[in-house]
Amino acid sequence: MSRPTTIAWAALAAVVVVLGVAVLIDREPAPAPADTAVAADRLVRPDSHRLTAPADERARFVEFLDFECEACGAVYPIIEDLRRTYGDRITFVVRYFPMPGHFNAERAARAVEAAAAQDRFEQMYQRMFATQARWGEQRVPADDVFRGFALDLGLDMPAFDSAYNSPATLERIRADVADGLALGVQGTPTFFLDDQRLMPNTIDDLTGALHRAATAA
């Protein structure tokens, strides 16, 4: 399969210029767990959300993200492009990491997790990034907006509402955050390839790492 398109990279570059943000906002080295097995356990839990499930898994790519983070939104189409290209060989895993300064980030994660309870994780995950400009960077609760997304997806609304407001849903999200903190995650997006944290300085660094993992003999 071919590597991700140059058109996608150009699109991301344009988005980053317009937003005036860095795509990778957390470039400082972070302490790694002393025990590699512990790191692996914390990176991917049995209940972690997988966007791909390749029969011939060559590697696992994990992203800690915040649905309200502009940098996450900017890199989202690139991750989707990478997933289309390498999803038959790399397992793409999403972990929640809502940042405290983002008013609706935790709410967005709750909505995605509530949709996941009805097997609509991917659809709600995509909806959040597609509409980020509509509800992000605001100090007004977006509960009704997210409920509208659930309606659009045809979810069972009593079940969605119950999961959205459930302490167990919040606990599930905060468990991801706890794992991220233990792994040294300090900002979003933060990437790991297998048990190693990726520290790409350029988009080519990121795609190159996945290409090598996917094509390794």
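Residues numbered from 1 in each chain as written. Predicted model: local features only at pLDDT ≥ 70, side-chain atom pairs only at ≥ 80, totals over all residues. Heavy atoms only, no water.

**Examining the side chain of Glu113**
Within the element layout of this structure, Glu113 appears in helix H4 (residues 105–116). Reaching out from Glu113, the side chain makes a polar contact with the side chain of Tyr96 at a distance of 2.6 Å. (Helix = DSSP H or I, 4+ residues; strand = E, 2+ residues; numbered from the N terminus. Polar contact = N/O pair within 3.5 Å; in protein donor to acceptor, adjacent residues only side chain to side chain.)

**So, the nonpolar core**
Grouped together as the largest cluster of nonpolar side chains are 49 residues, with contacts concentrated most on Phe61, Phe67, Tyr125, Met128 and Leu210. Looking at this core, the element that brings in the most residues is helix H3 (residues 70–86), giving eight residues. Apart from residues no more than four positions distant in its own chain, Met128 is found in contact with Phe67, Ala108, Ala111, Val112, Trp135, Phe146 and Phe149. One finds Phe64, Val93, Leu183 and Phe192 within the second-largest nonpolar core, a separate group that totals 11 residues. (Core = buried A, V, L, I, M, F, W, Y, C linked by side-chain atoms within 4.5 Å. Buried < 20%, exposed > 50% of the residue type's maximum accessible area, 1.4 Å probe, protein only. Contact = heavy atoms within 4.5 Å.)

**Quick look at the pattern of salt bridges**
Counted under the stated rule, the structure contains 17 salt bridges. For Arg83, the salt bridge goes to Glu122, with nearest N and O atoms at 3.0 Å. With Arg83 in helix H3 and Glu122 in helix H5 (residues 121–130), this pair connects stretches of sequence that are 39 residues apart. For Asp176, the salt bridge goes to Arg95, with nearest N and O atoms at 2.9 Å. Within this pair, whereas Asp176 is found in helix H9 (residues 167–182), its partner Arg95 is found in strand S3 (residues 90–96), the two being separated by 81 residues in sequence. According to the relative accessible area criterion, Arg95 is buried, its value standing at 0%. (Salt bridge = Lys/Arg side-chain N within 4 Å of Asp/Glu carboxyl O.)

**Considerations on the sheet that holds strand S1 (residues 49–50)**
Spatially, S1-S3-S2-S4-S5 is the arrangement adopted by the five strands of the open sheet, whose pairing is mixed. At either end of the open sheet lies a strand with only one pairing partner, and these are S1 and strand S5 (196–197). For strand S2 (residues 59–65) and strand S4 (residues 190–193), the ladder comprises four bridges, and the chain directions are antiparallel. Each residue of the ladder has a partner; that of Glu63, found in S4, is Phe191. The strands touched by H5 are S1, S2 and S3; relative to S3, the strand with the most contacts, the crossing angle is about 65°. (Pairing = 2+ DSSP bridges. Axes fitted to C-alpha atoms, helices over the stretch in contact; angles between N-to-C directions.)

**Considering the packing of H4 against helix H8 (residues 157–164)**
Between H4 and H8, the least distance of the axes is 8 Å, while the angle of their chain directions is 135°. As summarised for this structure, H4 and H8 are arranged oblique, according to the angle between their axes. When you trace H4 past H8, the crossing you get is right-handed. Taken together, the residues of H8 that come into contact with H4 (itself represented by Arg107, Arg110, Ala111, Ala114 and Ala115) are Phe160, Ala163 and Tyr164. Classifying every residue of the contact of H4 with H8 by side-chain character gives six nonpolar, no polar and two charged. (Parallel < 35°, antiparallel > 145°, perpendicular 65-115°, else oblique. Left-handed = near helix turned anticlockwise from the far one by under 90°. Nonpolar A, V, L, I, M, F, W, Y, C, P; charged D, E, K, R; others polar.)

All we've got here are geometric facts, nothing functional implied.
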